[in-house]
Amino acid sequence: MKQDILIHLFNVDRASAGELVWVTGNSPRDVQKLLIQMDDAGDVIMKNGMYRLSEVSRLRAVKSFDDGTI
């Protein structure tokens, strides 16, 4: 589920928790719990109820893509 969220946020500017529930197909409670953990870890940033990929996560994803590890 985390990977699905990271991929989706990489492709869009921002997304609501409801949109991420739809994308992952998981329960709202499970998605919200994971989003809180991801926010605490610095993977995502929540502002005004919308989530976006942190710059650190974006750079990690680009590096993995460039290295061919994705």
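What comes next is a walk through the structure. (Residues numbered from 1 in each chain as written. Predicted model: local features only at pLDDT ≥ 70, side-chain atom pairs only at ≥ 80, totals over all residues. Heavy atoms only, no water.)

**Re the environment of Asp-40**
We count it as follows: In this description a helix means any DSSP run of H or I spanning at least four residues, a strand means any run of E spanning at least two, and both kinds are numbered starting from the N terminus.
Checked against the element boundaries, Asp-40 lands in helix H3 (residues 28-41). Spatially, the C-alpha atoms of Asp-40 and Leu-20 are 17 Å apart, while their sequence positions differ by 20 residues.

**Observations concerning the sheet that holds strand S2 (residues 44-47)**
Threshold: At least two DSSP bridges between two strands are required for those strands to pair. Any pair of residues with heavy atoms lying within 4.5 Å of one another is described as a contacting pair. With axes taken as lines fitted to C-alpha atoms, and helix axes fitted only over the stretch in contact, angles between N-to-C directions fall between 0 and 180 degrees.
Strand order in the open sheet formed by three strands is S1-S3-S2, and the pairing between neighbours is antiparallel. Each edge of the open sheet carries a strand with a single partner, namely strand S1 (15-16) and S2. Alignment of S1 against strand S3 (residues 50-53), held across two bridges, turns out to be antiparallel. Across the sheet, the residue bridging to Ala-15 is Tyr-51, located in S3. Across the sheet, H3 touches S2 and S3, and the angle it forms with S2 is around 110 degrees.

**Quick notes on the pattern of salt bridges**
Inclusion rule: A side-chain nitrogen of Lys or Arg and a carboxyl oxygen of Asp or Glu constitute a salt bridge if their distance falls within 4 Å. The buried label goes to any residue with under 20% of its type's maximum accessible area, the exposed label to any with over 50%, and the partly exposed label to all in between, with areas taken from a 1.4 Å probe on protein chains only.
Counting across every chain of the model gives three salt bridges. A salt bridge links Asp-43 to Lys-2; its shortest N-O distance comes to 3.2 Å. With a gap of 41 residues between them, Asp-43 in the loop between H3 and S2 and Lys-2 in helix H1 (residues 2-11) connect regions that are remote in the sequence. Look at Lys-2 and you get partly exposed, because its relative accessible area is 38%. Note that Arg-60 and Asp-43 form a salt bridge whose closest N and O atoms lie 3.5 Å from each other. In this pair, Arg-60 sits in helix H4 (residues 55-67) while Asp-43 sits in the loop between H3 and S2, placing the two residues 17 residues apart along the sequence.

**Some points on the environment of Asp-13**
Looking at the element boundaries, Asp-13 is found in the loop between H1 and S1. Each C-alpha atom, one on Asp-13 and one on Glu-55, is 12 Å from the other, the two residues being 42 residues apart in sequence.

**Some words on the side chain of Asp-43**
A relative accessible area of 6% places Asp-43 in the buried class. Among all residues touching Asp-43, those that are not within four sequence positions of it are Lys-2, Leu-6, Met-38, Leu-53, Ser-54, Ser-57 and Arg-60.

**Some thoughts on the packing of H1 against helix H2 (residues 17-24)**
Selection criterion: When describing relative orientation, an angle under 35 degrees is termed roughly parallel and one over 145 degrees roughly antiparallel, while 65 to 115 degrees is termed roughly perpendicular and anything else oblique. Note on convention: the crossing is left-handed when the near helix lies turned anticlockwise from the far helix by less than a right angle, right-handed when the turn is clockwise. Classification used: nonpolar for Ala, Val, Leu, Ile, Met, Phe, Trp, Tyr, Cys and Pro, charged for Asp, Glu, Lys and Arg, polar for all others including Gly.
Axis separation between H1 and H2 bottoms out at 10 Å; the angle between their running directions is 120 degrees. It follows from the interaxial angle that H1 and H2 lie oblique. As for how H1 packs across H2, the hand of that crossing is right-handed. When H1 is examined against H2, the residues Asp-4, Ile-5, His-8 and Leu-9 are found in contact with a partner set consisting of Glu-19, Leu-20, Val-23 and Thr-24. Looking at the contact of H1 with H2, its residues break down into four nonpolar, two polar and two charged.

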